[in-house]
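As a plain string of letters, each chain reads:
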Amino acid sequence: MPSMNKTAWIAAAAAMIALSPALASAEVKIAFVNTAKLLEESPQARAAQQALETEFLPRQRELADQQKVLQDKEEKLKRDAAVMSEADRAKSERELRDGQRDLARRFNELQEDANLRRNEEFGKVQRSLLQEVQTYARANGFDLIVSDGVLFASPAVDVTAQVVTALKSKAPAAPAKN
């Protein structure tokens, strides 16, 4: 048994020595992609951002209008408090507090809804970008494309611009502005 074990080791060592030149001569094609730049420059990410702004703008305007109304009520209360009856002043203060509380609640709901939708949309965009990077890598014969966590990447291996170009070519045309 010891001689068989010795024979197995010799065979394994011989195989490693025989394969070493083949492994050493195999060219590994590696590239780097800056995902932050992809997110910043891709038309898909810009479209998602624009869609979110359009979706939440009416609610933001409504809250801004409500805040203005509350500010006007507060100024009126400060201005007229001295001449108001105690009951009227207390009622106005209560209405103002209730309005401010409602505004704060609605603002928090808007923030939560916007964050949830932003996460959904950018999750879709990130999946799309990942798929495009993988498609680019396969089409150009890359063995490895790295991204986040890279401490240095030479411009020679940075394919971010090429992937952005590919993304732009696949993006739907922007509607003409009047």
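1. Details of the environment of Ala161
Then step 1. Its place among the elements puts Ala161 in helix α5 (residues 160-170).
Then step 2. Separated by 120 residues in the primary sequence, Ala161 and Glu41 place their C-alpha atoms 9.2 Å from one another.

2. Digging into helix α4 (residues 86-139)
Then step 1. The terminal C-alpha atoms of α4, which comprises 54 residues, lie 78 Å apart, in line with the 80 Å expected from a rise of 1.5 Å per residue.
Then step 2. Positioned one or two residues after α4, Gly141 has a phi angle of 70°, which is positive.

3. Structural notes on a nonpolar patch on the surface
Then step 1. A surface patch of nonpolar side chains, about 250 Å² in accessible area, is lined by Val28, Ile30 and Leu144.
Then step 2. Tracing the chain through its elements places Leu144 in strand β2 (residues 144-146).
Then step 3. A relative accessible area of 41% means that Leu144 is categorised as partly exposed.

4. Focus: the packing of α4 against α5
Then step 1. It is the contact of α4 with α5, at a shortest axis distance of 10 Å, that shows an interaxial angle of 115°. In terms of axis orientation, α4 runs roughly perpendicular to α5. As α4 runs across α5, the sense of the crossing is right-handed. On the side of α4, the interface is formed by Leu129, Glu132, Val133, Thr135 and Tyr136, while α5 contributes Gln162, Val163, Ala166, Leu167 and Lys170.
Then step 2. Of the residues belonging to the contact of α4 with α5, the class tally is six nonpolar, two polar and two charged.

5. Some remarks on the nonpolar core
Then step 1. Counting residues in each nonpolar core, the largest one holds 25 residues, and the members touching the most others are Val33, Leu38, Val125, Phe142, Val159 and Val163.
Then step 2. Elements with a contribution of two residues or more to this core: α3 (43-80), α4 and α5.
Then step 3. With 10 residues, the top contributor of residues to this core is α4.
Then step 4. Sequence-distant contacts of Val125, that is, excluding residues within four places in its chain, are made with Leu39, Gln44, Ala45 and Ala48.

Conventions adopted
Residues numbered from 1 in each chain as written. Predicted model: local features only at pLDDT ≥ 70, side-chain atom pairs only at ≥ 80, totals over all residues. Heavy atoms only, no water. Helix = DSSP H or I, 4+ residues; strand = E, 2+ residues; numbered from the N terminus. Expected span 1.5 Å × (residues − 1). Patch = residues over 30% accessible without salt bridge, like charges linked within 9 Å, V, L, I, M, F, W, Y side chains within 5 Å. Areas by Shrake-Rupley, 256 points an atom, 1.4 Å probe, with all protein chains shown as cover. Salt bridge = Lys/Arg side-chain N within 4 Å of Asp/Glu carboxyl O. Buried < 20%, exposed > 50% of the residue type's maximum accessible area, 1.4 Å probe, protein only. Axes fitted to C-alpha atoms, helices over the stretch in contact; angles between N-to-C directions. Parallel < 35°, antiparallel > 145°, perpendicular 65-115°, else oblique. Left-handed = near helix turned anticlockwise from the far one by under 90°. Contact = heavy atoms within 4.5 Å. Nonpolar A, V, L, I, M, F, W, Y, C, P; charged D, E, K, R; others polar. Core = buried A, V, L, I, M, F, W, Y, C linked by side-chain atoms within 4.5 Å.

Remember, this is a structural readout, not a statement about activity or role.
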